[in-house]
2 protein chains.
Amino acid sequence: MVVGNSILLDFSGVVDDDSHSEKTWKEIISKLVEIGNMNMLHFASYKFTEVIGKEGAVDSKQQNGGITAFALLSESHISVHTWPEFGKVMVDIFTCGSTAKLEDMIEYLRTNIQHQEMIITRLERGEQT
Amino acid sequence: MVVGNSILLDFSGVVDDDSHSEKTWKEIISKLVEIGNMNMLHFASYKFTEVIGKEGAVDSKQQNGGITAFALLSESHISVHTWPEFGKVMVDIFTCGSTAKLEDMIEYLRTNIQHQEMIITRLERGEQT
């Protein structure tokens, strides 16, 4: 058995404003927790107002930065980071135990985030011998 | 360029009680943020009092469960999950931007968490063309 599973989802081509709002992600994470048969213990999010340009410097002309959201779960965590300036959204789901319905959660994200590409990385964590 | 970097650290053979306490991880995460040249926006942790046995059922004889800790950073996040019953600790560091001193952070964890084995997975997130 393994102790946990990490699912890392990298979305590209995410250009609508809603996919970079705190309100949207609070709703999506609540829905994911419900779909995944999980229990949320704590939620936090943050909206960035600065955008880092491609050269690594703050681009003061753009005030609509991305968001970070995090849910601490009985079954580990969900994190989200978005970059509207690059059209990128990255969602990490870390679960322990065998009750989480991970495939249903992935399918929910695939159909509810408008995107051009979704790359999934699946990792088993802490092989238990 | 890539938008972010994920460093996933899986520690095994972590048997001392301190490595499964909220107090320890609050201190370690604060130190990591300092070493990594990062800014913490929010911190949360949770102590589990139940232990899930190897068969997936709650083992009511064991009341000293693991902890979960999470730091939301200007530069993304750090998460920690521990399982004292398995001697496991898993730390995820997600960073964006190029200023984070990731190798120094890894070295700090390597030397400050008593363990038998540390497996590192490094992933580049969101290749930006």
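Anything mentioned here points back to the structure above.
Residues numbered from 1 in each chain as written. Chains lettered and ligands numbered in written order. Predicted model: local features only at pLDDT ≥ 70, side-chain atom pairs only at ≥ 80, totals over all residues. Heavy atoms only, no water.

A. Layout of the overall build of chain A. A count of helices and strands for chain A gives two helices and eight strands. Going from N to C terminus, chain A has its helices and strands arranged as β-α-β-β-β-β-β-β-α-β. Per-residue burial for chain A yields a buried fraction of 52% across its 129 residues. Pairs at least 24 apart in sequence give 64% of the contacts found in chain A among residues at least 6 apart. Carbon and sulfur atoms make up 45% of the accessible area of chain A, which amounts to about 6,100 Å² in all. (Helix = DSSP H or I, 4+ residues; strand = E, 2+ residues; numbered from the N terminus. Buried < 20%, exposed > 50% of the residue type's maximum accessible area, 1.4 Å probe, protein only. Contact = heavy atoms within 4.5 Å. Areas by Shrake-Rupley, 256 points an atom, 1.4 Å probe, with all protein chains shown as cover.)

B. Quick peek at the packing of helix H1 (residues 22–35) of chain A against helix H2 (residues 102–112) of chain A. Residues and elements named next belong to chain A. Packing of H1 against H2 brings their axes to within 9 Å, and their N-to-C directions diverge by 150°. What the angle tells us is that H1 and H2 run roughly antiparallel. You can see that H1 and H2 cross each other, and the crossing is right-handed. Taking contact as the criterion, the partners of Trp 25, Ile 28, Lys 31, Leu 32 and Ile 35 in H1 are, on H2, Asp 104, Met 105, Tyr 108 and Leu 109. Taken together, the residues that form the contact of H1 with H2 break down as seven nonpolar, no polar and two charged. (Axes fitted to C-alpha atoms, helices over the stretch in contact; angles between N-to-C directions. Parallel < 35°, antiparallel > 145°, perpendicular 65-115°, else oblique. Left-handed = near helix turned anticlockwise from the far one by under 90°. Nonpolar A, V, L, I, M, F, W, Y, C, P; charged D, E, K, R; others polar.)

C. Local environment of helix H1 (residues 22–35) of chain B. Residue and element names in this part refer to chain B. Taking 1.5 Å of rise per residue, 14 residues should cover 20 Å, and H1 covers 20 Å from first to last C-alpha, within 8% of that figure. Those residues of H1 that fall on the buried side of the exposure criterion are Thr 24, Trp 25, Ile 28, Ile 29, Leu 32 and Val 33. What you see down the axis of H1 is that its buried residues fit within an arc of 160°, all on one side. Away from its buried face, by an angle of more than 90 degrees, H1 presents the exposed residues Lys 23 and Glu 34. Buried positions along H1 lie against strand S2 (40–47), strand S5 (67–73), strand S6 (76–83), strand S7 (88–96) and helix H2 (102–112). Backbone geometry just downstream of H1 places Asn 37 in the positive-phi region, at approximately 65°. (Expected span 1.5 Å × (residues − 1). Arc of directions from axis to C-beta.)

D. Representation of the sheet that holds strand S1 (residues 2–12) of chain B. All names here are of chain B. With antiparallel pairing, the six strands of this open sheet are ordered in space as S2-S5-S6-S7-S1-S8. Only two strands of the sheet have a single neighbouring strand rather than two, namely S2 and strand S8 (117–127). Taken over all neighbouring pairs, the strand axes of this sheet differ in orientation by 10° on average, direction set aside. Pairing of S2 with S5 involves seven bridges; the strand directions are antiparallel. Of the residues in S5, the one forming a bridge with Phe 43 is Ala 71. Against the sheet, H1 touches S2, S5, S6 and S7, its axis set at about 160° to S2. Running at roughly 10° to S1, H2 makes contact with S1, S6, S7 and S8 of the sheet. (Pairing = 2+ DSSP bridges.)

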